[in-house]
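Structural overview
What follows is each chain in one-letter form.
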Amino acid sequence: DVKVTQSSRYLVKRTGEKVFLECVQDMDHENMFWYRQDPGLGLRLIYFSYDVKMKEKGDIPEGYSVSREKKERFSLILESASTNQTSMYLCASSRTQQGTGYTFGSGTRLTVV
Amino acid sequence: RKEVEQDPGPFNVPEGATVAFNCTYSNSASQSFFWYRQDCRKEPKLLMSVYSSGNEDGRFTAQLNRASQYISLLIRDSKLSDSATYLCVEKGGMRFGAGTRLTVKP
């Protein structure tokens, strides 16, 4: 019954490494999102995509990029990981832009050392 | 001012109590709101949508007050299993509140 799958539950990377976080959804949703969640700050939007090969910056895109080559897959890339990118990363998809809620993946807890 | 604001709590209530959370939003054109529940170290899960007319699902009632720009979540007859963090989201702007932590005690 898994609908949004994130490739790793826990990840430890070194400063300066290029990091790929993968997200796949099986609900044929057009809309996909990457958030990070930090204590006291809640969920903050990094990037989102409303269609294949389309991407839009969210509130905190600096240091990140994304790729959406196929409808079901939305990848988040940390070009050069830094310690301030240690966080919980949550991928979500949504059937519509406004009228329906998000379905989240189980999250990837990334630690950059 | 943050787009979406919530009282972080924590709210500590006894079993059987009624508890309400509010969430204010700044964009008067916002149309679409939801409440999510998040358990410790888990992903947020959709609790309910929020409609202008209000909606109820068992012990849970969600309401939208457009004039004052807030949404609310009311939980009646609290259960121990209701202990979680509750997040509001303004979907059009893709913005979440920081969450309100609820602990229901025996």
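Everything discussed here concerns the structure shown above.
Being a predicted model, the structure only gives us computed values, none of them experimental.

1. Describing the overall build of chain B
Tallying secondary structure elements over chain B gives zero helices and 11 strands in all. Listing each helix as α and each strand as β along chain B from the N terminus yields β-β-β-β-β-β-β-β-β-β-β. The C-alpha atoms of chain B give 13 Å as radius of gyration, which agrees with the globular expectation for 106 residues (13 Å, within 12%). Taken along the three principal axes of its C-alpha coordinates, chain B extends 40 × 30 × 20 Å. Counting only residues that meet the buried cut, chain B has 46% of its 106 residues in that class. Of the accessible surface of chain B, which amounts to about 5,200 Å², a share of 47% is contributed by carbon and sulfur atoms.

2. Here's the deal with the state of the cysteines
Scanning all chains against the criterion turns up two disulfides over all chains. What pairs with cysteine 23 of chain A in a disulfide is cysteine 91 of chain A, and their sulfur atoms sit 1.9 Å apart. On the sign convention where negative is left-handed, the bridge of cysteine 23 of chain A and cysteine 91 of chain A, at about -75° about the S-S bond, is left-handed. Here cysteine 91 of chain A lies in strand 10 (residues 87-94) and cysteine 23 of chain A lies in strand 4 (residues 23-25), a separation of 68 residues in the sequence. The exposure class assigned to cysteine 23 of chain A is buried, which follows from its relative accessible area of 0%. Across a sulfur-sulfur distance of 1.8 Å, cysteine 23 of chain B and cysteine 88 of chain B are joined as a disulfide pair. Where cysteine 23 of chain B bonds to cysteine 88 of chain B through sulfur, the torsion about that S-S bond is close to 55°, and the disulfide is right-handed.

3. Comments concerning the sheet that holds strand 1 (residues 4-6) of chain B
Residues and elements named next belong to chain B. Read across the sheet, five strands follow the order 1-3-8-7-6 without closing on themselves; strand pairing throughout is antiparallel. In the strand order of this sheet, the two ends are held by strand 1 and strand 6 (55-57), each with one partner. With direction set aside, neighbouring strand axes in the sheet form an average angle of 15°.

4. Comments concerning the interface of chain A and chain B
Of the residues lining the interface, 25 residues belong to chain A; the matching set on chain B comes to 17 residues. Taken together, both faces of the contact between chain A and chain B bury some 1,700 Å²; the carbon and sulfur share is 52%. The interface formed by chain A and chain B includes one salt bridge. Linking chain A with chain B are eight residue pairs in polar contact (both at pLDDT 80 or more). Looking at which element gives the most residues to the side of chain A that touches chain B, the answer is strand 6 (residues 42-49) of chain A, with four residues. Across the side of chain A that touches chain B, the residue classes tally to 10 nonpolar, 12 polar and three charged.

5. Quick word on the nonpolar core
In this structure, Phe21, Trp35, Ile71, Leu73, Ile75, Tyr86 and Leu102 of chain B are the most contacted members of the largest nonpolar core, which totals 22 residues. At the level of secondary structure, the elements contributing two or more residues to this core comprise strand 3 (19-25), strand 4 (33-38), strand 5 (45-50), strand 7 (60-65), strand 8 (70-75), strand 9 (84-90) and strand 11 (100-105) of chain B. Broken down by element, the residue count for this core peaks at four residues, all from strand 3 of chain B. Not counting residues up to four positions away in its chain, the partners in contact with tyrosine 86 of chain B are Gln6, Phe21, Trp35, Tyr36, Arg37, Leu47, Phe60, Leu73, Ile75, Gly99, Thr100 and Leu102 of chain B. By size, the runner-up hydrophobic cluster in this structure holds 20 residues, among which are Val4, Met32, Val66 and Leu76 of chain A.

6. A short note on the side chain of asparagine 55 of chain B
Residues and elements named next belong to chain B. Considering the arrangement of structural elements, one finds asparagine 55 in strand 6. At 3.5 Å, the side chain of asparagine 55 forms a polar contact with the backbone nitrogen of tyrosine 51. Dropping the residues within four chain positions of it, asparagine 55 is found in contact with Met48, Ser49, Val50, Phe60, Thr61 and Ala62.

Reading guide: rules and limits
- Sequence order sets the numbering: in each chain, residues are counted from 1 along the sequence as written.
- Labels are handed out in written order, letters beginning with A for the chains and numbers beginning with 1 for the ligands.
- Given that this is a predicted model, residues contribute local features only at a pLDDT of at least 70 and side-chain atom pairs are listed and counted only at 80 or more, while totals for whole chains, interfaces and linings are drawn from all residues.
- The side-chain numbers reported here are obtained from all heavy atoms of the structure, hydrogens and water having been left aside.
- Secondary structure counts use DSSP, requiring at least four H or I residues in a row for a helix and at least two E residues in a row for a strand, with both numbered from the N terminus.
- Put simply, the radius of gyration uses C-alpha atoms, and a globule should come to 2.2 Å times the residue count raised to 0.38.
- Three exposure classes are used, based on accessible area relative to the maximum for each residue type with a 1.4 Å probe and protein chains only: buried under 20%, partly exposed in between, and exposed over 50%.
- Each accessible area is a Shrake-Rupley estimate made with a 1.4 Å probe; only the visible protein chains count as cover when residues are assessed.
- Note on terminology: pairs of cysteine sulfur atoms within 2.5 Å are recorded as disulfides.
- Each pair of strands is called paired provided DSSP finds at least two bridges between the two strands.
- Simply put, an axis is a line fit to the C-alpha atoms, just over the touching stretch for a helix, and the angle between two N-to-C directions goes from 0 to 180 degrees.
- In this analysis, two residues are considered to be in contact whenever any of their non-hydrogen atoms come within 4.5 Å of each other.
- By definition, the buried area sums, over both parts, the 1.4 Å-probe accessible area that each loses when the two are put together.
- Note on definitions: salt bridges are taken to be side-chain nitrogens of Lys or Arg within 4 Å of carboxyl oxygens of Asp or Glu.
- Any pair of N or O atoms that falls within 3.5 Å is considered a polar contact. Within protein, one atom must be able to donate a hydrogen and the other to accept it, and sequence-neighbouring residues count only if both atoms are side-chain atoms.
- When residues are grouped by polarity, Ala, Val, Leu, Ile, Met, Phe, Trp, Tyr, Cys and Pro land in nonpolar, Asp, Glu, Lys and Arg in charged, and all others, Gly among them, in polar.
- Put simply, buried Ala, Val, Leu, Ile, Met, Phe, Trp, Tyr and Cys residues joined by side-chain atoms within 4.5 Å make one nonpolar core.

Taken by themselves, the reported measurements are silent on function.
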